[in-house]
Amino acid sequence: QVQLVESGGGLVQAGGSLRLSCAASGRTFGGYAMGWFRQAPGKEREFVAAISWSSWRNDNIYTDSVKGRFTISKDIAKNTMSLQMNSLKPEDTAVYYCAADFRSTYLKTQSYNYDYWGQGTQVTVSS
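Residues numbered from 1 in each chain as written. Predicted model: local features only at pLDDT ≥ 70, side-chain atom pairs only at ≥ 80, totals over all residues. Heavy atoms only, no water.

1. Quick word on the packing of aromatic side chains
- Scanning the entire structure with this criterion turns up six aromatic pairs.
- Between tyrosine 114 and tryptophan 117 the ring centres are 6.2 Å apart and the planes differ by 65°, which places this aromatic pair in the edge-to-face class.
- With a relative accessible area of 25%, tryptophan 117 lands in the partly exposed category.
- Put simply, the rings of Phe37, Phe47, Tyr114 and Trp117 pair up and form one aromatic cluster. (Phe/Tyr/Trp six-rings, centres within 6.5 Å; stacked < 30°, edge-to-face > 60°. Buried < 20%, exposed > 50% of the residue type's maximum accessible area, 1.4 Å probe, protein only.)

2. Topic: the state of the cysteines
- In total, this model carries one disulfide according to the counting rule given.
- Each sulfur of the disulfide joining cysteine 22 and cysteine 98 lies 2.1 Å from the other. Of note, the bridge from cysteine 22 to cysteine 98 carries an S-S torsion of about 55° and is right-handed in sense. Placement of cysteine 22 in strand E3 (residues 18-25) and of cysteine 98 in strand E9 (residues 94-101) is noted, with a sequence separation of 76 residues between them. Here cysteine 22 and cysteine 98 have matching classes, each one buried. (Disulfide = S-S within 2.5 Å. Helix = DSSP H or I, 4+ residues; strand = E, 2+ residues; numbered from the N terminus.)

And the structure:
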């Protein structure tokens, strides 16, 4: 019922910036949450950031490694979520996935709490 499509990934040098977007279709998101995860080769999926999908709240959370560098945002009218990534580091290299939580308005950091996932977009940061 929900389709998520990520875009904006690519190759960038260390210190550069990328802006990822996630477009959702199939239903609205009011009152729930959206998140970004990433997975590097040989590693488990890692939480990156999450944001409340509410017109009256704009709370968000980040994993410690991206605080101050990444910014999550939303556009409810367009059913899109974005992740602005600045000061990128080689360790940020991963496939980035967007996810939607339709069960609760509480922000969560574990992947199993999310109901729908996109196919991912590759982000590669060179040294």
